[in-house]
Amino acid sequence: MTVAREDPEFFPSGRIVLRSSEEARAQLSNLYGVLVLSALMFDGRDADSILELAANAVSSLGGFHIDATYRIVNGRLVDGRQPDRKLDSRMDSLVAANLGTDVHIELPDGQCRYAIALQAVGGAKGALVVRSEIAPPAEELFRLRALARQTAAAMHSADLLDKERALIEERQCVINRLSDTVSELRRQDRIHATLTAVSGSGAGVQGIADALRELTSLNVIVEDVFGNPRAWSGGVEPDPHRPIGG
(Lines give C-alpha, C1' and ligand atoms only; values in the text may rest on other atoms or scores of the structure.)
Protein backbone atom coordinates (compact mmCIF):
# COMPACT_ATOMS: atom_id res chain seq x y z
CA MET A 1 0.00 0.00 0.00
CA THR A 2 1.12 3.54 -0.65
CA VAL A 3 0.10 6.63 1.27
CA ALA A 4 -0.83 9.87 -0.44
CA ARG A 5 -2.15 13.12 0.96
CA GLU A 6 -5.16 14.45 -0.84
CA ASP A 7 -4.75 17.69 -2.71
CA PRO A 8 -6.37 20.37 -0.51
CA GLU A 9 -7.68 22.04 -3.66
CA PHE A 10 -10.00 19.07 -4.11
CA PHE A 11 -10.06 17.71 -0.56
CA PRO A 12 -10.59 20.62 1.85
CA SER A 13 -10.39 18.23 4.81
CA GLY A 14 -6.75 17.39 4.05
CA ARG A 15 -7.27 13.84 5.36
CA ILE A 16 -4.91 10.97 4.48
CA VAL A 17 -6.06 8.32 2.01
CA LEU A 18 -4.51 4.96 1.31
CA ARG A 19 -3.95 3.77 -2.23
CA SER A 20 -2.86 0.37 -3.40
CA SER A 21 0.32 0.06 -5.42
CA GLU A 22 -1.80 -0.78 -8.44
CA GLU A 23 -3.85 2.42 -8.03
CA ALA A 24 -0.68 4.48 -7.60
CA ARG A 25 0.80 3.00 -10.78
CA ALA A 26 -2.41 3.77 -12.66
CA GLN A 27 -2.34 7.35 -11.39
CA LEU A 28 1.29 7.79 -12.46
CA SER A 29 0.49 6.28 -15.85
CA ASN A 30 -2.33 8.78 -16.39
CA LEU A 31 -0.12 11.69 -15.33
CA TYR A 32 2.57 10.48 -17.71
CA GLY A 33 -0.03 10.57 -20.47
CA VAL A 34 -0.77 14.20 -19.61
CA LEU A 35 2.95 15.02 -19.83
CA VAL A 36 3.26 13.34 -23.23
CA LEU A 37 0.22 15.26 -24.43
CA SER A 38 1.77 18.46 -23.09
CA ALA A 39 4.89 17.87 -25.19
CA LEU A 40 2.69 17.60 -28.31
CA MET A 41 1.02 20.90 -27.43
CA PHE A 42 4.34 22.74 -27.54
CA ASP A 43 5.37 21.47 -30.97
CA GLY A 44 4.51 24.72 -32.77
CA ARG A 45 0.80 24.23 -33.46
CA ASP A 46 -1.64 27.11 -33.06
CA ALA A 47 -3.97 27.74 -30.11
CA ASP A 48 -7.06 26.29 -31.84
CA SER A 49 -5.25 23.02 -32.55
CA ILE A 50 -3.99 22.87 -28.95
CA LEU A 51 -7.51 23.33 -27.60
CA GLU A 52 -8.86 20.61 -29.89
CA LEU A 53 -6.06 18.26 -28.83
CA ALA A 54 -6.97 18.79 -25.18
CA ALA A 55 -10.69 18.27 -25.89
CA ASN A 56 -10.00 14.96 -27.63
CA ALA A 57 -7.93 13.78 -24.67
CA VAL A 58 -10.55 14.47 -21.98
CA SER A 59 -12.24 11.07 -22.21
CA SER A 60 -8.92 9.29 -21.60
CA LEU A 61 -8.55 10.89 -18.15
CA GLY A 62 -11.67 9.39 -16.59
CA GLY A 63 -15.38 9.06 -17.05
CA PHE A 64 -15.69 12.39 -18.82
CA HIS A 65 -17.17 13.58 -22.07
CA ILE A 66 -16.38 16.93 -23.58
CA ASP A 67 -19.48 19.12 -23.89
CA ALA A 68 -17.95 22.35 -25.15
CA THR A 69 -14.74 24.29 -25.50
CA TYR A 70 -14.34 28.04 -25.18
CA ARG A 71 -11.54 30.35 -26.14
CA ILE A 72 -10.66 34.02 -25.66
CA VAL A 73 -10.12 35.70 -29.05
CA ASN A 74 -9.24 39.40 -29.09
CA GLY A 75 -10.62 39.78 -25.59
CA ARG A 76 -13.93 38.09 -26.44
CA LEU A 77 -15.20 34.66 -25.41
CA VAL A 78 -16.07 32.44 -28.39
CA ASP A 79 -17.08 28.83 -28.93
CA GLY A 80 -13.84 26.91 -29.49
CA ARG A 81 -15.37 24.74 -32.21
CA GLN A 82 -17.91 27.18 -33.70
CA PRO A 83 -16.37 30.65 -33.35
CA ASP A 84 -19.29 32.32 -35.16
CA ARG A 85 -21.96 30.85 -32.87
CA LYS A 86 -23.82 33.34 -30.70
CA LEU A 87 -23.21 32.57 -27.03
CA ASP A 88 -26.75 32.69 -25.66
CA SER A 89 -27.26 29.45 -23.69
CA ARG A 90 -27.27 29.09 -19.91
CA MET A 91 -23.98 27.19 -20.09
CA ASP A 92 -22.44 30.00 -22.15
CA SER A 93 -23.52 32.54 -19.53
CA LEU A 94 -22.14 30.52 -16.63
CA VAL A 95 -18.78 30.04 -18.33
CA ALA A 96 -18.56 33.73 -19.25
CA ALA A 97 -19.41 34.79 -15.69
CA ASN A 98 -16.73 32.54 -14.17
CA LEU A 99 -13.78 32.89 -16.51
CA GLY A 100 -10.53 31.98 -14.80
CA THR A 101 -12.18 29.76 -12.17
CA ASP A 102 -13.60 26.25 -12.16
CA VAL A 103 -17.34 26.07 -11.76
CA HIS A 104 -19.91 23.31 -11.35
CA ILE A 105 -22.64 23.73 -13.98
CA GLU A 106 -26.14 22.51 -13.15
CA LEU A 107 -28.54 21.91 -16.04
CA PRO A 108 -32.01 20.27 -16.05
CA ASP A 109 -30.69 16.88 -17.24
CA GLY A 110 -29.10 16.30 -13.82
CA GLN A 111 -25.69 15.28 -15.13
CA CYS A 112 -22.48 16.56 -13.57
CA ARG A 113 -20.80 19.29 -15.58
CA TYR A 114 -17.67 21.21 -14.80
CA ALA A 115 -16.22 24.23 -16.55
CA ILE A 116 -12.48 23.77 -16.10
CA ALA A 117 -10.66 27.06 -16.49
CA LEU A 118 -7.78 27.40 -18.91
CA GLN A 119 -5.81 29.87 -16.83
CA ALA A 120 -2.32 30.90 -17.93
CA VAL A 121 0.24 33.42 -16.72
CA GLY A 122 -1.10 35.93 -19.21
CA GLY A 123 -4.70 35.49 -18.05
CA ALA A 124 -7.68 33.32 -18.93
CA LYS A 125 -7.43 31.50 -22.26
CA GLY A 126 -10.84 29.85 -22.20
CA ALA A 127 -12.47 26.80 -20.62
CA LEU A 128 -13.20 23.13 -21.12
CA VAL A 129 -16.74 22.01 -20.21
CA VAL A 130 -16.80 18.33 -19.31
CA ARG A 131 -19.76 16.11 -18.49
CA SER A 132 -19.97 13.05 -16.27
CA GLU A 133 -22.97 10.90 -15.41
CA ILE A 134 -21.88 10.72 -11.77
CA ALA A 135 -19.68 12.91 -9.61
CA PRO A 136 -16.12 12.03 -10.64
CA PRO A 137 -13.50 11.05 -8.06
CA ALA A 138 -10.99 13.68 -7.03
CA GLU A 139 -8.13 11.88 -8.79
CA GLU A 140 -9.86 12.28 -12.15
CA LEU A 141 -10.54 15.95 -11.49
CA PHE A 142 -6.91 16.42 -10.57
CA ARG A 143 -5.77 14.93 -13.87
CA LEU A 144 -8.27 17.08 -15.71
CA ARG A 145 -6.96 20.22 -14.04
CA ALA A 146 -3.37 19.17 -14.84
CA LEU A 147 -4.39 18.87 -18.50
CA ALA A 148 -6.09 22.28 -18.34
CA ARG A 149 -3.00 23.96 -16.92
CA GLN A 150 -0.75 22.53 -19.61
CA THR A 151 -3.29 23.45 -22.29
CA ALA A 152 -3.50 27.05 -21.09
CA ALA A 153 0.29 27.37 -20.96
CA ALA A 154 0.63 25.97 -24.49
CA MET A 155 -2.12 28.28 -25.82
CA HIS A 156 -0.41 31.27 -24.19
CA SER A 157 2.87 30.30 -25.83
CA ALA A 158 1.15 29.86 -29.22
CA ASP A 159 -0.50 33.28 -28.92
CA LEU A 160 2.86 34.88 -28.16
CA LEU A 161 4.39 33.20 -31.21
CA ASP A 162 1.51 34.43 -33.38
CA LYS A 163 2.05 38.00 -32.16
CA GLU A 164 5.79 37.69 -32.81
CA ARG A 165 5.15 36.40 -36.35
CA ALA A 166 2.72 39.27 -36.98
CA LEU A 167 5.32 41.79 -35.81
CA ILE A 168 7.97 40.21 -38.03
CA GLU A 169 5.63 40.32 -41.04
CA GLU A 170 4.73 43.95 -40.33
CA ARG A 171 8.39 44.85 -39.97
CA GLN A 172 9.19 43.11 -43.26
CA CYS A 173 6.39 45.03 -45.02
CA VAL A 174 7.85 48.30 -43.72
CA ILE A 175 11.31 47.27 -44.90
CA ASN A 176 9.92 46.37 -48.35
CA ARG A 177 8.14 49.73 -48.63
CA LEU A 178 11.30 51.58 -47.63
CA SER A 179 13.31 49.56 -50.12
CA ASP A 180 10.84 50.42 -52.89
CA THR A 181 11.02 54.10 -51.93
CA VAL A 182 14.82 54.05 -51.98
CA SER A 183 14.81 52.33 -55.38
CA GLU A 184 12.42 54.94 -56.78
CA LEU A 185 14.53 57.80 -55.40
CA ARG A 186 17.64 56.25 -56.94
CA ARG A 187 15.85 55.90 -60.28
CA GLN A 188 14.74 59.52 -60.19
CA ASP A 189 18.24 60.64 -59.22
CA ARG A 190 19.71 58.64 -62.14
CA ILE A 191 17.24 60.22 -64.58
CA HIS A 192 18.01 63.68 -63.29
CA ALA A 193 21.78 63.11 -63.42
CA THR A 194 21.62 61.66 -66.94
CA LEU A 195 19.51 64.47 -68.39
CA THR A 196 21.61 67.10 -66.62
CA ALA A 197 24.77 65.58 -68.09
CA VAL A 198 23.25 65.55 -71.60
CA SER A 199 22.10 69.14 -71.25
CA GLY A 200 25.60 70.30 -70.37
CA SER A 201 27.42 68.15 -72.89
CA GLY A 202 26.27 69.93 -76.04
CA ALA A 203 25.16 66.62 -77.55
CA GLY A 204 21.92 68.23 -78.70
CA VAL A 205 18.78 66.40 -79.73
CA GLN A 206 20.64 63.18 -80.56
CA GLY A 207 22.16 63.16 -77.10
CA ILE A 208 18.69 63.47 -75.57
CA ALA A 209 17.44 60.55 -77.69
CA ASP A 210 20.42 58.39 -76.68
CA ALA A 211 19.94 59.29 -73.01
CA LEU A 212 16.25 58.38 -73.10
CA ARG A 213 17.14 55.12 -74.84
CA GLU A 214 19.63 54.34 -72.06
CA LEU A 215 17.12 55.18 -69.31
CA THR A 216 14.08 53.34 -70.71
CA SER A 217 15.58 50.59 -72.91
CA LEU A 218 12.99 51.64 -75.51
CA ASN A 219 13.44 52.88 -79.07
CA VAL A 220 13.29 56.69 -79.09
CA ILE A 221 12.32 59.11 -81.85
CA VAL A 222 12.48 62.90 -81.42
CA GLU A 223 10.16 64.80 -83.77
CA ASP A 224 9.68 68.46 -84.51
CA VAL A 225 6.32 70.16 -84.13
CA PHE A 226 5.37 69.07 -87.65
CA GLY A 227 6.05 65.37 -86.98
CA ASN A 228 9.36 65.21 -88.85
CA PRO A 229 11.99 62.95 -87.20
CA ARG A 230 14.97 64.92 -85.97
CA ALA A 231 16.84 62.18 -84.12
CA TRP A 232 16.38 58.56 -83.11
CA SER A 233 18.11 55.97 -80.99
CA GLY A 234 17.66 52.22 -81.18
CA GLY A 235 15.90 50.23 -83.87
CA VAL A 236 15.95 51.14 -87.57
CA GLU A 237 15.75 54.60 -89.08
CA PRO A 238 12.11 55.76 -88.93
CA ASP A 239 10.12 56.47 -92.07
CA PRO A 240 9.91 60.14 -92.94
CA HIS A 241 6.78 61.75 -91.58
CA ARG A 242 4.64 63.91 -93.87
CA PRO A 243 4.81 67.50 -92.64
CA ILE A 244 1.53 68.68 -91.16
CA GLY A 245 0.22 72.04 -90.09
CA GLY A 246 1.24 75.48 -91.29
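Preceding this section is the structure that the text describes.
Residues numbered from 1 in each chain as written. Predicted model: local features only at pLDDT ≥ 70, side-chain atom pairs only at ≥ 80, totals over all residues. Heavy atoms only, no water.

A short note on the overall build of the protein
The cut-off we apply is this: In this text, helices come from DSSP runs of H or I with a minimum length of four residues, and strands from runs of E with a minimum of two, each type numbered from the N-terminal end. Summary of the burial criterion: residues with accessible area below 20% of their type's maximum are buried, those above 50% are exposed, and those between are partly exposed, where the area comes from a 1.4 Å probe applied to protein chains only. Contacts are residue-level and defined by heavy atoms, with any inter-residue pair within 4.5 Å sufficient.
Scanning the protein from N- to C-terminus turns up 5 helices and 9 strands. Along its sequence from the N terminus, the protein presents helices and strands in the succession β-β-α-α-β-β-α-β-β-β-α-α-β-β. Split into buried and exposed, the 246 residues of the protein put 31% on the buried side. In the protein, of all internal contacts separated by at least 6 residues, the share reaching a separation of at least 24 is 45%.

Topic: the environment of Leu107
Assignment of secondary structure puts Leu107 in the loop between β5 (103-105) and β6 (112-120). Judged by its relative accessible area of 23%, Leu107 falls in the partly exposed class. Leu107 sits 16 residues away from Met91 along the chain, and the two C-alpha atoms are 8.1 Å apart. Those residues in contact with Leu107, other than ones at most four positions away along the chain, are Arg90 and Arg113.

Overview of the nonpolar core
Convention followed: By nonpolar core we mean a set of buried residues, namely Ala, Val, Leu, Ile, Met, Phe, Trp, Tyr and Cys, connected to one another through side-chain atoms within 4.5 Å.
Judged by nonpolar contacts, the single largest core of 28 residues is most densely connected at Met41, Val58, Leu118, Val130, Leu144 and Leu147. Those elements that provide at least two residues to this core are α1 (21-41), α2 (47-57), β6, β7 (123-132) and α4 (138-201). Ranked by residue count, the leading element in this core is α4, at 9 residues. Leaving out residues up to four positions away in the same chain, Leu147 has contacts with Val34, Leu37, Met41, Ala54, Val58 and Leu61. Within the second largest apolar cluster, 10 residues are counted, among which are Ala68, Tyr70, Ala115 and Ala127.

Considering the pattern of salt bridges
Here is the rule we go by: Salt-bridge detection follows one rule: a side-chain nitrogen of Lys or Arg within 4 Å of a carboxyl oxygen of Asp or Glu.
Applying the stated criterion to the full structure yields 13 salt bridges. Of the charged contacts, one joins Arg187 and Glu184 as a salt bridge, the two residues approaching to 2.9 Å between their closest N and O atoms. A residue pair is termed a helical-turn pair when its members lie 3 or 4 positions apart in one helix, as Arg187 and Glu184 do in helix α4 at 3 residues. Exposure remark for Arg187: the relative accessible area of 44% places this residue in the partly exposed category.

Structural notes on the pairing of strand β3 (residues 65-73)
Within a regular strand, side chains alternate between the sheet's two faces. The test is simple: Whether two strands pair comes down to DSSP finding at least two bridges between them.
As defined by bridge partners, β3 adjoins β7 across 6 bridges and the pair is classed as antiparallel. Residue Ala68 lies in a different strand from β7, and its bridge partner there is Val129. Taken together, the 4 bridges between β3 and strand β4 (residues 76-79) define a ladder with antiparallel strand orientation. Looking across to β4, one finds that Ile72 is bridged to Leu77. Taking the residues that link successive antiparallel strands as the turn, the β3-β4 hairpin has 2 residues, and the phi of Asn74 there is positive, at about 55°.

Quick notes on unusual backbone geometry
For Asn74, which is not glycine, the phi dihedral falls at a positive 55°. One non-glycine residue with positive phi stands out, namely Ser217, at about 60°. Residue placement: Ser217 occurs in the loop between α5 (204-216) and β8 (220-223).

So, the packing of α2 against α4
Each pair of packed helices gets described by two things: the angle between the helix axes and the distance between those axes. How we decide: Axis definition: a line fitted to C-alpha atoms, limited for helices to the stretch in contact. Angles are taken between N-to-C directions and run from 0 to 180 degrees. Each angle receives one of four descriptions, namely roughly parallel if under 35 degrees, roughly antiparallel if over 145, roughly perpendicular if within 65 to 115, and oblique otherwise. Throughout, a crossing is termed right-handed when the near helix is turned clockwise from the far one, and left-handed when it is turned anticlockwise from it by less than a right angle. Under the scheme applied here, ten amino acids are nonpolar (Ala, Val, Leu, Ile, Met, Phe, Trp, Tyr, Cys and Pro), four are charged (Asp, Glu, Lys and Arg), and all others, including Gly, are polar.
Direction vectors running N to C along α2 and α4 enclose 170°, while the axes themselves pass 9 Å from each other. The orientation of α2 with respect to α4, classified from their angle, is roughly antiparallel. Once α2 is placed against α4, the crossing between them reads as right-handed. In contact with Ala47, Ile50, Leu51 and Ala54 of α2, α4 contributes Leu147, Thr151, Ala154, Met155, Ala158 and Asp159. Looking at the contact of α2 with α4 residue by residue, the classes come out as 8 nonpolar, 1 polar and 1 charged.

What about the sheet that holds β3?
Within the open sheet, the 5 strands sit side by side as β4-β3-β7-β6-β5. Their pairing is antiparallel. Every interior strand has two partners, whereas the edge strands, β4 and β5, have only one. Going from strand to strand, the sheet's axes swing by 25° on average, the running direction of each strand aside. Packing against the sheet, α2 makes contact with β3, β6 and β7, and its axis sits at approximately 160° to β3.

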